[in-house]
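The primary structure of each chain is shown beneath.
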Amino acid sequence: MTEPVLPVITRFAPSPTGFLHLGHVHSCLFAVNAAKQAGGRFLLRIEDIDPNRCRPEYEVMLKEDLAWIGFRWEEPVRRQSDHMDDYAAALDRLAALGVTYPCFCSRKDIADEIARAGNAPHLVAMGPEGPLYPGICRHVLPDVAAARMAAGEPHAIRLNVAQAAALTGPLVWHDRGRGTVPADTGLLGDIVLARRDVRTSYHLSVTVDDAIQDVSLVTRGVDLFHATHVHRLLQALLSLPVPDYHHHDLLLNNRGERLSKRDGATGIRILREQGATAEEVLLCARGWQPGKLETP
Ligand code: GLU
């Protein structure tokens, strides 16, 4: 008996924190093409868990610009802020496994601890995004933590990565560009699963959503490559299916740098206002590497 071949389902998952730009189009095109080549399905998902940075107006404009370019997606579109119950349920399951702990640290507490440990550099573990959480609250006794929570002290929930990895044992995942990758589950340290203000996090909600939506091929920028290690750990803890991955290169400006807000002219709104056609936008978004497009 051969294994049934699952349909390829990809997704593009922007956060509505600003206008659509060429980097988004590059990423969306990658997901759409991966689905198309496999005769599969493409989904759009709105990742709006951060109320401080996300705006409904941006969601409207993102969709409007995507449609203008010619992208089509299935309805209804999943919007993360409508599904907090799903993330709460996943958090409960992780808590029941005994691999989470409340973290009462403010940003300042963490920075102070890192600065203190900085005098003994071997104590400051570095991750791809900077120093890792130094584990202050990992050592708070459970009854003390319970009393602080009962007293209403604001707290995040973190994953005790070492304990979690001990439960799952070694894990691997597959990237279409890089082959089999051993999961380096401690790469980001004890990640936040639920923030103080929002009872989920990027890592938790993206992992849960990809499973709920049956996403079988996760495509996203290589800047999120390191996040996949810990997503793999969450999948194992939550008994979720493991999708295939393909991390794509980022679109670069003509100085070889990643596009940023400073490259304002790459905003699709602006390009449209300047008279660019959808074909021209797609052409730029397809691939624009240093040297290929020189400034006049
Ligand atoms: N929402 C994320 C972003 O806008 C992408 C998440 C993902 O593809 O996993 O960067």
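Counting of residues starts from 1 at the beginning of each chain's written sequence and follows it residue by residue. It should be noted that, the model being predicted, local features are given only for residues of pLDDT at least 70 and side-chain atom pairs only at 80 or more, the latter also being counted only at that level, while totals for whole chains, interfaces and linings use all residues. Based on all heavy atoms of the structure, the side-chain values leave hydrogens and waters out of the count.

**What about the overall build of the protein?**
Reasoning step 1: Across its full length, the protein carries 10 helices and 12 strands.
Reasoning step 2: Atoms considered for the radius of gyration are the C-alpha atoms alone. The globule rule reads 2.2 Å times the number of residues to the power 0.38. For 296 residues, the compact-globule formula gives about 19 Å, and the C-alpha radius of gyration of the protein, at 21 Å, lands near that figure.
Reasoning step 3: Dimensions of the protein, computed from C-alpha atoms along their principal axes, come out at roughly 60 × 55 × 35 Å.
Reasoning step 4: By residue count, 46% of the 296 residues in the protein fall in the buried class.
Reasoning step 5: Here the Shrake-Rupley method, with its probe set to 1.4 Å, supplies the accessible areas, and only the displayed protein chains count as covering residues. Total accessible area computed for the protein in this model is approximately 15400 Å², and 56% of it derives from carbon and sulfur atoms.
Reasoning step 6: The charge count includes Lys and Arg as positive and Asp and Glu as negative, but it does not include His or the ends of the chains. We put the charge of a Lys on NZ, of an Arg on CZ, of an Asp on CG and of a Glu on CD. Charge separation in the protein, taken as the distance between the mean sites of 32 positive and 36 negative side-chain charges, equals 2 Å. Only runs of H or I of at least four residues qualify as helices and only runs of E of at least two qualify as strands under DSSP, and these elements are numbered from the N terminus. Accessibility here uses a 1.4 Å probe with only protein chains present; expressed as a share of the type maximum, an area under 20% marks a residue as buried, one over 50% as exposed, and anything in between as partly exposed.

**Some details on the packing of aromatic side chains**
Reasoning step 1: Each Phe, Tyr or Trp ring (for Trp, its six-membered ring) is paired with any other whose centre lies within 6.5 Å, and the angle between the two planes then decides the class: stacked below 30 degrees, edge-to-face above 60, tilted in between. All chains considered together, the criterion is met by 3 aromatic pairs.
Reasoning step 2: On the basis of an interplanar angle of 85° and a centroid distance of 5.4 Å, the ring pair of Phe 19 and Tyr 58 is categorised as edge-to-face. Residue Phe 19 is found in the loop between strand E1 (9–12) and helix H1 (22–37), and its partner Tyr 58 is found in helix H2 (residues 56–69); the two are separated by 39 residues along the sequence.
Reasoning step 3: When its relative accessible area of 43% is taken as the criterion, Phe 19 is described as partly exposed.
Reasoning step 4: Each ring, one from Trp 173 and one from Tyr 245, has its centre 5.5 Å from the other, and the planes form 75°; the classification is edge-to-face. Of this pair, Trp 173 sits in strand E8 (residues 172–175) while Tyr 245 sits in strand E12 (residues 244–248); the two residues are 72 residues apart in sequence, bridging distant segments of the chain. Of the two residues, Trp 173 and Tyr 245, neither departs from the other in class, the shared state being buried.
Reasoning step 5: Taken together, Trp 173, Phe 225 and Tyr 245 form an aromatic cluster joined through their ring pairs.
Reasoning step 6: Two conditions define a charge located above a ring, namely a distance within 6 Å from the ring centre to NZ of Lys or CZ of Arg, and an angle within 35 degrees of the ring normal. One Lys or Arg, Arg 148, reaches over the ring of Phe 104 and ends 4.1 Å from the middle of that ring.
Reasoning step 7: Across from the ring centre of Tyr 133, 3.7 Å away, lies the NZ or CZ of Arg 158, which sits over that ring.

**Quick notes on the site of the ligand**
Reasoning step 1: The environment of the ligand is made up of Arg 11, Ala 13, Pro 14, Ser 15, Glu 47, Tyr 202, Val 206, Arg 220 and Leu 224.
Reasoning step 2: Within 3.5 Å is the distance limit for a polar contact, defined as a pair of N or O atoms, with the added protein rule that one can donate a hydrogen and the other accept it, and that residues adjacent in sequence qualify only through two side-chain atoms. Within the side chain of Tyr 202, a nitrogen or oxygen atom sits 2.9 Å from an oxygen atom of the ligand.
Reasoning step 3: For the ligand, whose free accessible area comes to 300 Å², the fraction covered by protein is 76%.
Reasoning step 4: Note on residue classes: Ala, Val, Leu, Ile, Met, Phe, Trp, Tyr, Cys and Pro are nonpolar, Asp, Glu, Lys and Arg are charged, and everything else, Gly too, is polar. Here the shell around the ligand is built from residues that sort into 5 nonpolar, 1 polar and 3 charged. One heavy atom within 4 Å of a molecule or strand makes the whole residue count as near it.

**Re the packing of helix H3 (residues 84–96) against helix H7 (residues 202–212)**
Reasoning step 1: Taken N-terminus to C-terminus, the directions of H3 and H7 make an angle of 105°; their axes are 10 Å apart at the nearest point. Between H3 and H7, the angle falls in the class roughly perpendicular. Across the interface between the two elements, Asp 86, Tyr 87, Ala 90, Leu 91 and Leu 94 from H3 touch Leu 204, Ser 205, Val 208, Asp 209 and Ile 212 from H7. Axis definition: a line fitted to C-alpha atoms, over the contacting stretch in the case of helices. Angles run 0 to 180 degrees between N-to-C directions. Geometric relationships in this document are graded by angle, where less than 35 degrees denotes roughly parallel, more than 145 denotes roughly antiparallel, 65 to 115 denotes roughly perpendicular, and other angles denote oblique. Whether two residues are in contact is decided by their heavy atoms: any pair within 4.5 Å suffices.

**Some words on the nonpolar core**
Reasoning step 1: Grouped together as the largest cluster of nonpolar side chains are 30 residues, with contacts concentrated most on Leu 94, Leu 159, Leu 233 and Leu 237.
Reasoning step 2: Among the secondary structure elements, those contributing two or more residues to this core are H3, strand E7 (156–159), helix H6 (161–168), strand E10 (192–194), H7 and helix H8 (225–237).
Reasoning step 3: It is H8 that provides the largest number of residues to this core, a total of 5 residues.
Reasoning step 4: With residues up to four places along the chain from it excluded, the contact list for Leu 237 reads Leu 94, Leu 97, Val 99, Leu 159, Ala 164, Leu 167 and Thr 168. The set of buried Ala, Val, Leu, Ile, Met, Phe, Trp, Tyr and Cys residues whose side-chain atoms join them within 4.5 Å is what this entry labels a nonpolar core.

**Overview of the sheet that holds E7**
Whenever strands of a sheet pair, they do so through backbone hydrogen bonds, lying parallel or antiparallel.
Reasoning step 1: Here we have 3 strands laid out as an open sheet, ordered E4-E7-E10, and antiparallel in their pairing. In this open sheet, the two edge strands, each paired with only one partner strand, are strand E4 (100–103) and E10. For this sheet, the mean angle separating the axes of adjacent strands, direction not counted, is 40°.
Reasoning step 2: Relative to E10, E7 runs antiparallel, the two sharing 2 bridges. Its bridge partner lying in E10, Ile 157 is registered against Ala 194. Strand pairing is defined by DSSP finding a minimum of two bridges between the two strands.

**Looking at the confidence of the model for the protein**
Reasoning step 1: The predictor's confidence in any single residue is recorded as pLDDT, a number from 0 to 100. Mean pLDDT over the protein works out to 92, with 93% of the residues at or above the 70 mark.
Reasoning step 2: Every residue in residues 289–296 is under pLDDT 50, and counting partners more than four places away or in other chains gives 8 contacts.

**Regarding the side chain of Asp 210**
Reasoning step 1: Structurally, Asp 210 can be placed in helix H7.
Reasoning step 2: Overall, Asp 210 belongs to the buried group, its relative accessible area being 6%.
Reasoning step 3: Reaching out from Asp 210, the side chain makes a polar contact with the side chain of Arg 11 at a distance of 2.9 Å.
Reasoning step 4: Beyond its immediate sequence surroundings of up to four residues, Asp 210 is in contact with Arg 11, Arg 45, Val 215 and Val 218.

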